[in-house]
Amino acid sequence: MIPPLNADALSSMQQDLFNREPDPWELDDTSERLVAQVVFAEARSVRSDAVPDALASACRNGRQVRVPLGRGDRPMTAYVVRLENRMKLDPDP
């Protein structure tokens, strides 16, 4: 005969079944990336772009930046309106 489980035993088993922490091998390819939301002065549109690591320390809200845009990567003037860190799943090539 199998003894019945008490409520504490069930509670601890359920927590183990639904562990929210990702396994270490799932984190290998993840990293955070600084993303700037910019407003273009000429086009009056908003766009979010990843900030290159070399420029991350200089990027601030309100700062005027040059953003490559279009097929020829033509630099356009824009202003940073928001900065945030986002998870990036695939590493840079």
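Look up: the structure comes first, before these words.
Residues numbered from 1 in each chain as written. Predicted model: local features only at pLDDT ≥ 70, side-chain atom pairs only at ≥ 80, totals over all residues. Heavy atoms only, no water.

Colleague: Report on the nonpolar core, specifying residues and quantitative values.
Modeller: Across soluble globular proteins, nonpolar side chains show a tendency to be buried alongside one another. Core analysis: the biggest nonpolar cluster contains 10 residues, these being Leu34, Ala36, Val38, Phe40, Val51, Cys59, Val67, Met76, Ala78 and Val80. Of all the elements in the fold, those that place two or more residues in this core are strand S1 (31-40) and strand S4 (74-88). For this core, the element with the most residues is S1, which contributes 4 residues. Look past the residues within four positions of Leu34 in its chain and what remains in contact with it is Asp49, Ala50, Val51, Ala56, Leu83, Glu84 and Asn85. (Core = buried A, V, L, I, M, F, W, Y, C linked by side-chain atoms within 4.5 Å. Buried < 20%, exposed > 50% of the residue type's maximum accessible area, 1.4 Å probe, protein only. Helix = DSSP H or I, 4+ residues; strand = E, 2+ residues; numbered from the N terminus. Contact = heavy atoms within 4.5 Å.)

Colleague: Help me get a handle on the pairing of strand S2 (residues 46-50), residues and values and all.
Modeller: Taken together, the 5 bridges between S1 and S2 define a ladder with antiparallel strand orientation. Across the sheet, residue Gln37 finds its bridge partner in S2, namely Ser48. Taking the residues that link successive antiparallel strands as the turn, the S1-S2 hairpin has 5 residues, and the phi of Arg44 there is positive, at about 50 degrees. (Pairing = 2+ DSSP bridges.)

Colleague: Talk me through unusual backbone geometry; I want residue IDs and the actual numbers.
Modeller: Notably, Asp73 is not glycine yet its phi reads approximately 50 degrees, a positive angle. Along the chain, Asp73 turns up in the loop between strand S3 (64-69) and S4.

Colleague: Give me the side chain of Asp49: which residues, what numbers.
Modeller: If you trace the backbone, Asp49 turns up in strand S2. At 2.9 Å, the side chain of Asp49 and the side chain of Arg47 are in polar contact. (Polar contact = N/O pair within 3.5 Å; in protein donor to acceptor, adjacent residues only side chain to side chain.)

Colleague: Describe the layout of surface pockets, and please don't skip the residues or the numbers.
Modeller: Considering only enclosed or pocket space, the largest pocket measures out at about 310 Å³ in volume. Around the largest pocket, the lining is made up of 17 residues, and of these Val51, Pro52, Leu55, Val65 and Arg66 lie nearest the centre. Sorting the residues of the lining of the largest pocket by element identifies S1, S2 and S3 as the ones contributing at least two each. Take the lining of the largest pocket: its biggest share by element is 5 residues, from S3. The residue makeup of the lining of the largest pocket, split by class, is 12 nonpolar, 1 polar and 4 charged. (1 Å grid on protein atoms, 1.4 Å probe; cavity = no way out; pocket = protein on both sides within 12 Å on 5 of 7 lines; lining within 4 Å. Points joined across faces, edges and corners; volume = space filled by probe spheres on them. Nonpolar A, V, L, I, M, F, W, Y, C, P; charged D, E, K, R; others polar.)

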